[in-house]
Amino acid sequence: MDTGRAFIDRSRAYLKNDYLPKIRLAVEALPTEDIWWRPNDACNSIGNLILHLAGNVRQWVVSGIGGAPDLRRRQEEFDAGEGPSGDELLAHLEEVLEEVDRTLSGLLATELSSRRVIQ
């Protein structure tokens, strides 16, 4: 297997089998009220960070690499003071990571060196 394909396959495995389960464990351990808690207005809640992660990874991989329309409204990720439950946030993140996985599965190793403008 060439290095480019190995990189893509390993990236897919990390996202699905390593990073997502760790995030899930952390969020599921929290009481619901802590998901959207902020110590002050200058800080982000865990909910904000999950929305931001989902928006960011979709923008960079699904849109930037895969060519899907960029639907991101970045500021809303940080402005949200309340929102979905931890389970709903995790389901949304999992949906985005499935999109990412589909995008990466179709990516050719030769495309890794292509220049892209993401933002």
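Cut-offs applied
Per chain, residues are indexed from 1 in the order of the written sequence. In keeping with the model being predicted, local features are shown solely for residues with a pLDDT of at least 70 and side-chain atom pairs are shown and tallied solely at 80 or more, while totals for entire chains, interfaces and linings include all residues. Excluded from the side-chain calculation are hydrogens and water; included are all heavy atoms of the structure. In the sections that follow, a salt bridge refers to a side-chain nitrogen of Lys or Arg positioned within 4 Å of a carboxyl oxygen of Asp or Glu. Numbering of helices and strands runs from the N terminus, with a helix taken as a DSSP run of H or I at least four residues long and a strand as a DSSP run of E at least two residues long. Residue exposure (1.4 Å probe, protein chains only): buried if accessible area is under 20% of the type maximum, exposed if over 50%, otherwise partly exposed. Multiplying one less than the number of residues by 1.5 Å gives the expected span of a helix. Fitting axes to the seven residues ending at a residue and to the seven starting there, one defines the bend at that residue as the angle between these axes. Contacts are assigned to residue pairs that have any heavy atoms within 4.5 Å of one another. Under the rule applied, a polar contact is a pair of N or O atoms within 3.5 Å (in protein, one hydrogen donor and one hydrogen acceptor; residues adjacent in sequence only if both atoms are side-chain atoms). Helix axes are fitted to C-alpha atoms over the stretch in contact, other axes to C-alpha atoms as well, and angles between N-to-C directions run from 0 to 180 degrees. Roughly parallel refers to an angle under 35 degrees, roughly antiparallel to one over 145, roughly perpendicular to one between 65 and 115, and oblique to any angle outside these ranges. We define a nonpolar core as any set of buried Ala, Val, Leu, Ile, Met, Phe, Trp, Tyr and Cys residues linked to one another through side-chain atoms lying within 4.5 Å. Aromatic contacts are taken between Phe, Tyr and Trp rings whose centres are within 6.5 Å, Trp giving its six-membered ring; a plane angle under 30 degrees counts as stacked, one over 60 as edge-to-face, and the others as tilted. Any Lys NZ or Arg CZ found within 6 Å of a ring centre and within 35 degrees of that ring's normal is scored as a charge over the ring.

**Brief notes about the pattern of salt bridges**
Move 1: Summed over the entire model, instances satisfying the criterion amount to nine salt bridges.
Move 2: A salt bridge links D101 to R12, with the shortest nitrogen-to-oxygen separation between them at 2.7 Å. Here D101, found in helix α5 (residues 86-105), pairs with R12, found in helix α1 (residues 3-28); they are 89 residues apart in sequence, far enough to count as distant.
Move 3: According to the relative accessible area criterion, R12 is partly exposed, its value standing at 24%.
Move 4: What you see here is one network of salt bridges that share partners, running through R24, E28 and E94.

**Focus: α1**
Because each turn of an α-helix spans 3.6 residues, side chains separated by three or four positions in sequence point in the same direction.
Move 1: Given a rise of 1.5 Å per residue, 26 residues ought to cover 38 Å, and the 36 Å separating the end C-alpha atoms of α1 matches this to within 8%.
Move 2: Largest kink in α1: about 35°, centred on Y14.
Move 3: Among all positions of α1, only G4, I8, L20 and V27 are buried.
Move 4: Buried-residue contacts for α1 involve α2 (32-35), α3 (46-63) and α5.
Move 5: The opening residue of α1, the one whose side-chain oxygen lies 2.9 Å from the backbone nitrogen of G4, is D2.

**Considering the packing of α1 against α5**
Move 1: As a packed pair, α1 and α5 sit with axes 11 Å apart at the nearest point and diverge in direction by 175°. Relative to α5, α1 is oriented roughly antiparallel. Mapping the contact onto sequence places R5, I8, R12, L15, K16, L20, I23, R24, V27 and E28 in α1 and G86, L90, L93, E94, L97, E98, V100, D101, L104 and S105 in α5.

**Some thoughts on the side chain of E77**
Move 1: Its location among the elements puts E77 in helix α4 (residues 74-79).
Move 2: In this structure, E77 is in contact with N48, L51, H52, G55 and R72, ignoring residues within four places of it in sequence.

**What about the nonpolar core?**
Move 1: In this structure, W36, V57, L89, L93, V100 and L104 are the most contacted members of the largest nonpolar core, which totals 20 residues.
Move 2: Going through the elements one at a time, α1, α3 and α5 are the ones with two or more residues in this core.
Move 3: With seven residues, the single largest contributor to this core is α5.
Move 4: With sequence-adjacent residues up to four places away left out, L93 is seen in contact with L20, I23, I50, L53 and A54.

**As for the environment of G47**
Move 1: Here G47 is to be found in helix α3.
Move 2: Note on G47: relative accessible area 0%, which makes it buried.
Move 3: Sequence separation of G47 and L25 is 22 residues, and the distance between their C-alpha atoms is 15 Å.
Move 4: Setting aside anything within four residues of it in sequence, one finds G47 in contact with I35, W36 and L89.

**Some thoughts on α3**
Move 1: The terminal C-alpha atoms of α3 lie 24 Å apart, and with 18 residues this matches the ideal 26 Å at 1.5 Å per residue to within 8%.
Move 2: At the N-terminal end of α3, a side-chain oxygen is found 3.3 Å from the backbone nitrogen of G47, two or three residues along, and the residue is S45.

**Quick word on the packing of aromatic side chains**
Move 1: One pass over the full model with this rule turns up one aromatic pair.
Move 2: Plain terms: the ring middles of Y14 and Y19 are 5.6 Å apart, the flat faces sit at 15° to each other, and that makes the pair stacked.
Move 3: The exposure class assigned to Y19 is partly exposed, which follows from its relative accessible area of 42%.
Move 4: The ring of Y14 has R10 sitting right over it, with the charged end atom 4.4 Å from the ring centre.

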